[in-house]
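Structural overview for review
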Amino acid sequence: MSKPCHSLEEINRQKTEDEILAKRCREIFWQIHPQLIQNYCNWFIYIEPESGDYFLDSDRNAARQQARKKYPAAKLMAMCINETGAVGKI
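So, how was this worked out
Residues numbered from 1 in each chain as written. Predicted model: local features only at pLDDT ≥ 70, side-chain atom pairs only at ≥ 80, totals over all residues. Heavy atoms only, no water. Helix = DSSP H or I, 4+ residues; strand = E, 2+ residues; numbered from the N terminus. Buried < 20%, exposed > 50% of the residue type's maximum accessible area, 1.4 Å probe, protein only. Areas by Shrake-Rupley, 256 points an atom, 1.4 Å probe, with all protein chains shown as cover. Lys, Arg positive; Asp, Glu negative; His and termini not counted. Charge placed at Lys NZ, Arg CZ, Asp CG, Glu CD. Phe/Tyr/Trp six-rings, centres within 6.5 Å; stacked < 30°, edge-to-face > 60°. Pairing = 2+ DSSP bridges. Axes fitted to C-alpha atoms, helices over the stretch in contact; angles between N-to-C directions. Contact = heavy atoms within 4.5 Å. Core = buried A, V, L, I, M, F, W, Y, C linked by side-chain atoms within 4.5 Å.

Each helix and strand counted, the protein has 2 helices and 3 strands in total. In terms of principal-axis extent, the alpha carbons of the protein reach across some 50 × 30 × 25 Å. Relative to its 90 residues, the protein shows a buried fraction of 33%. Accessible area for the protein stands at about 6,600 Å²; split by element, carbon and sulfur atoms hold 54% of it. Counting 13 positive and 12 negative side-chain charges, the protein places the centres of these two groups 3 Å from one another.

Structural data, given as structure tokens:
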């Protein structure tokens, strides 16, 4: 039996929640960016927006593991400590 599709209302609710999470994480990122860019350029950062906690490592998986250890069920955002915060290239 296949899983039912999400309603448009549910899709829009999730999109709004994701936008709020991303906005909060970007706010935290740009607050701490000046202190981190000199020593951690091109490292990965995972941000937990409710607490403001963040986890750094030069290895993306290691940073994610640190974050998941403390916040196993939280929604997190990954960024890269660089000029834009972008993790990858489009």
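Moving on from the model shown.
Before going further, it helps to examine the packing of aromatic side chains. In the structure shown here, the tally under the stated rule is 3 aromatic pairs. For the ring pair Y40 and W43, a centre distance of 4.8 Å and an interplane angle of 70 degrees mean the geometry is edge-to-face. The interplanar angle of 70 degrees and the centroid separation of 6.2 Å between the aromatic rings of F55 and Y71 together place this pair among those described as edge-to-face. In this pair, F55 is assigned in strand 2 (residues 54–57) and Y71 in the loop between helix 2 (60–70) and strand 3 (77–80), connecting sequence segments 16 residues apart. Residue Y71 is classed as buried on the basis of its relative accessible area, which comes to 18%.

Glancing now at the sheet that holds strand 3. The strand order across the open sheet built from 3 strands is 2-1-3, with neighbouring strands paired in antiparallel fashion. Edge positions in the sheet fall to strand 2 and strand 3, since each of these pairs with one other strand and no more. For this sheet, the mean angle separating the axes of adjacent strands, direction not counted, is 20 degrees. Sheet topology note: the strand 1 (residues 44–47)/strand 3 ladder contains 4 bridges and is antiparallel. By the bridge assignment, I45 is partnered in strand 3 with M79. In this fold helix 1 (residues 8–40) packs onto strand 1, strand 2 and strand 3, with an angle of close to 35 degrees to the strand it touches most, strand 3.

It is worth spelling out the nonpolar core at this point. Counting residues in each nonpolar core, the largest one holds 14 residues, and the members touching the most others are F29, L36, I45, I47, M79 and I81. Secondary-structure elements contributing two or more residues to this core are helix 1, strand 1 and strand 3. Per-element tally for this core: the top contributor is helix 1, with 8 residues. Not counting the four nearest positions on each side in its chain, I45 is found in contact with F29, I32, L36, Y54, F55, L56, M77, A78, M79, C80 and I81. With 9 residues, the next largest nonpolar core counts F44, F55, A67 and Y71 among its residues.

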